[in-house]
Amino acid sequence: MEIRHATMADLPAVTAVEAECFPVAEAATEESFRARLTVYPEHFWLLFDGEKMVGFVNGMVTELADLCDEMYHDATMHDPAGAWQMIFGVDTIPSYRRRGCAEMVLKRVIADTKAAGRKGLVLTCRDHLVHYYAKFGFVSEGISESGHGGVVWYQMRLTF
């Protein structure tokens, strides 16, 4: 398994993995990923098994302390000098789940974020995943204000 940052050439594979991992209402579109990859490709951590992309983590950096829905749609909100690494998605294709793939990528994202001198990371997740992210040190801050995909999200924060 190999982890590397994205390039625009990865756009079709990133979009395909996202579509496999999330319902249409929650999945980012190719257009959204194109904008993100144009502005912050170094904040996409891709996991490969040989030549096959099996998962990724992506998000932007900002001075804002809380993840808001506008961030998903406006790549220009990225601030390379920001204090907080936001995580928009932790994707692992179904056939690779429960093998430690997401854990491998998340540990790399956490290490890279810490090495960059940021305050920490913020993500939102469904209630059944709160315990999963807690094992990495994320603390639940309760129900977020996000209405993304029309579902309830919990904001979680890992502070260094």
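Residues numbered from 1 in each chain as written. Predicted model: local features only at pLDDT ≥ 70, side-chain atom pairs only at ≥ 80, totals over all residues. Heavy atoms only, no water.

Q: Report on helix α2 (residues 30–39), specifying residues and quantitative values.
A: Looking at α2, one finds that the buried residues are Ser-32, Phe-33, Arg-36 and Leu-37. Buried positions in α2, seen along its axis, are confined to an arc of 130 degrees and lie on one side of it. Opposite the buried face of α2, by more than 90 degrees, sit the exposed residues Glu-31 and Thr-38. (Buried < 20%, exposed > 50% of the residue type's maximum accessible area, 1.4 Å probe, protein only. Helix = DSSP H or I, 4+ residues; strand = E, 2+ residues; numbered from the N terminus. Arc of directions from axis to C-beta.)

Q: I'd like to hear about the environment of Ser-32, residue by residue, with values.
A: The topology assignment puts Ser-32 in helix α2. Taking the C-alpha atoms as reference points, Ser-32 and His-73, separated by 41 residues in sequence, lie 6.4 Å from one another.

Q: Which residues make up the sheet that holds strand β3 (residues 52–58), and what values go with them?
A: If you walk across this open sheet you meet the 4 strands as β1-β2-β3-β6, and the pairing is antiparallel. What marks the edges here is a single partner per strand, and that holds for β1 (2–5) and β6 (89–92). Pairs of neighbouring strands in the sheet enclose a mean axial angle of 25 degrees, with direction left out of account. Pairing of β1 with strand β2 (residues 44–49) involves 4 bridges; the strand directions are antiparallel. In the strand pairing of β2, His-5 is matched with Trp-45. Sheet strands touched by helix α4 (residues 101–115): β1, β2, β3 and β6. Its angle to β2, the strand with the most contacts, is close to 145 degrees. (Pairing = 2+ DSSP bridges. Axes fitted to C-alpha atoms, helices over the stretch in contact; angles between N-to-C directions. Contact = heavy atoms within 4.5 Å.)

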